[in-house]
Amino acid sequence: MMRLVIRLVFLLLLALGWAGAKSYIIPIEGVIDQPLAIFLEQSLEQAEREGASGVVLYVDTPGGRVDAAIRMSDAILASPLPTIAVVQNAFSAGALISLSAQQIYMLPGSEIGAALPITVTPVTQPEAADRKVISALRSKFRAVAEARGRPVNLAEAMVDPEREVPGLSTRGEPLTLSAQKAAETKIADGVVSSLGEALEKAGFNPQTQRLEPGTRVNVARFLTNQVVAAILLAVGVLGIALEFFTPGTFLPATIGIIALALYFLGGYLAGFSSLLEIGLFVGGLLLLLVELFITPGFGVLGGLGIAGIVASVYLTFGSQSVAVGSYAVLIVAVGLFLMFRFFPRTRLGRALVLESTIAEQAPPRDELQSIVGAIGTALTDLRPAGTALFGERRVDVVTQGEFIERGTPIRVTEVEGVRVVVRKEG
């Protein structure tokens, strides 16, 4: 009799504890990226550790990185907790994440699908990935649909535009389902008017606790955005390059180092940048600068430098490395053009280029005007500032942005105050 009472008390306490356990809400919002994947993994672990009765994935995303979506899908499938996805919008990567939940409920006006992987660069229109990538992602959608008992053909059609579904999609377009169609085709378990109704239909505790990404995740998401990362990478390279043109000023190098520090900080916070990636980039950049400015010409050092930088970007950004690298190259190209063409003429440019020479005794302006058209020789490398010899007179000069090696014949093209502008003769 006593054993029976103890057992009943134990069951009652267990039931009361379960009733008191909350449903944990994990928002899957914005672009899918690696920091968001880390947030989801940590949130699932927290919910399990704190005894949550179930996990609600509130999905509202246009899609994002395929590798991050697969990582999130695997985490959801591996979780021992009951899971439901409440969908506002689940496009592309968001569709895979939603399909990974045990139950799916669609909110009014919501959609799910359009998971064709695409490639985006700054110089081309977005285009579908090659067939190998599509095939691999289609297989993943199929495996997830099979694991959760959902229509496999519809899951595959979300990825592969060649999989036509009569009445729902035509060949050449990936499948996208409205809330009602998703429920009718059993992709979703129903349409609900609110999160509360979804909890009720799923049998989840209506008492909820919402988990939010912390500062670290938000900072990582911002810094690893492919456009932001490309800008930081390009500014870092341009800043260090400008320091080589105007040695001793330190301002360009300081800006460049800060930009590169933020670039690698984003990768570190996101969990996919380590000392290897940092070492490859710094080593590659140093080799490239040595090749460009110390031993002019393009050879082994330059090739190794470019290889190191490319390897660093690829290891850091994976499938997004082409986009990040393309944006960075485009920004660097535009930046170098503006630097060489216009920067020396600006007030800041003149201050940086002539900072050290202005501090010295400058020849009278009338004297400098007299050497317009004169031909001399570069005594130092002009990057773009340096020293030249005209007869027996040493003059501080600046080019229009071009690099001129020491010993090269040059001609004075104009004089602006104490600024003597030269170009290569011949």
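Refer to the structure presented above.
All of these numbers come straight from a predicted model, not from anything done at the bench. (Residues numbered from 1 in each chain as written. Predicted model: local features only at pLDDT ≥ 70, side-chain atom pairs only at ≥ 80, totals over all residues. Heavy atoms only, no water.)

Asker: Please set out the overall build of the chain residue by residue, giving values where relevant.
Answerer: Along the chain, the regular secondary structure elements total 16 helices and 14 strands. Counting over 426 residues, the chain shows a buried share of 46%. Considering only contacts in the chain between residues 6 or more positions apart, those separated by 24 or more positions represent 64%. Total accessible area on the chain stands at roughly 20800 Å², and carbon and sulfur atoms take up 62% of it. (Helix = DSSP H or I, 4+ residues; strand = E, 2+ residues; numbered from the N terminus. Buried < 20%, exposed > 50% of the residue type's maximum accessible area, 1.4 Å probe, protein only. Contact = heavy atoms within 4.5 Å. Areas by Shrake-Rupley, 256 points an atom, 1.4 Å probe, with all protein chains shown as cover.)

Asker: Report on the nonpolar core, specifying residues and quantitative values.
Answerer: Counting residues in each nonpolar core, the largest one holds 54 residues, and the members touching the most others are Ile26, Ile28, Ile32, Leu57, Ile112, Phe141 and Met158. Grouped together as the second largest cluster of nonpolar side chains are 20 residues, Ala229, Leu233, Leu260 and Phe264 included. (Core = buried A, V, L, I, M, F, W, Y, C linked by side-chain atoms within 4.5 Å.)

Asker: A description of the sheet that holds strand S13 (residues 409-416) should follow, citing residues and the corresponding values.
Answerer: Strand pairing in a sheet is mediated by backbone hydrogen bonds. Such pairs are either parallel or antiparallel. The sheet built from five strands closes into a barrel, its strands ordered S10-S11-S12-S14-S13 with mixed pairing. Neighbouring strand axes in the sheet, compared pairwise and without regard to direction, differ in orientation by 55 degrees on average. (Pairing = 2+ DSSP bridges. Axes fitted to C-alpha atoms, helices over the stretch in contact; angles between N-to-C directions.)

Asker: Summarise the packing of aromatic side chains; cite the residues concerned and give the values.
Answerer: A complete count under the given rule lists three aromatic pairs for this structure. Ring geometry for Tyr263 versus Phe281: centroids 6.2 Å apart, planes at 40 degrees, classification tilted. Of this pair, Tyr263 sits in helix H11 (residues 251-270) while Phe281 sits in helix H12 (residues 275-294), placing them 18 residues apart in sequence. We classify Tyr263 as buried; its relative accessible area is 2%. We classify Phe281 as buried; its relative accessible area is 1%. Among the aromatic residues, those joined into a ring-pair cluster are Tyr263, Phe264 and Phe281. (Phe/Tyr/Trp six-rings, centres within 6.5 Å; stacked < 30°, edge-to-face > 60°.)

Asker: Hey, could you go over a nonpolar patch on the surface for me, with residue numbers and the actual values?
Answerer: On the surface, a nonpolar cluster with roughly 420 Å² of combined accessible area is contributed by Val227, Ile231, Val235, Leu251, Ile255 and Ile331. Within the residue set of the nonpolar patch, elements represented by two or more residues are helix H10 (226-245) and H11. Per element, the largest residue contribution to the nonpolar patch is three residues, and it comes from H10. For Val235, the location among the structural elements is in helix H10. The partly exposed category is assigned to Val235, whose relative accessible area is 30%. (Patch = residues over 30% accessible without salt bridge, like charges linked within 9 Å, V, L, I, M, F, W, Y side chains within 5 Å. Salt bridge = Lys/Arg side-chain N within 4 Å of Asp/Glu carboxyl O.)

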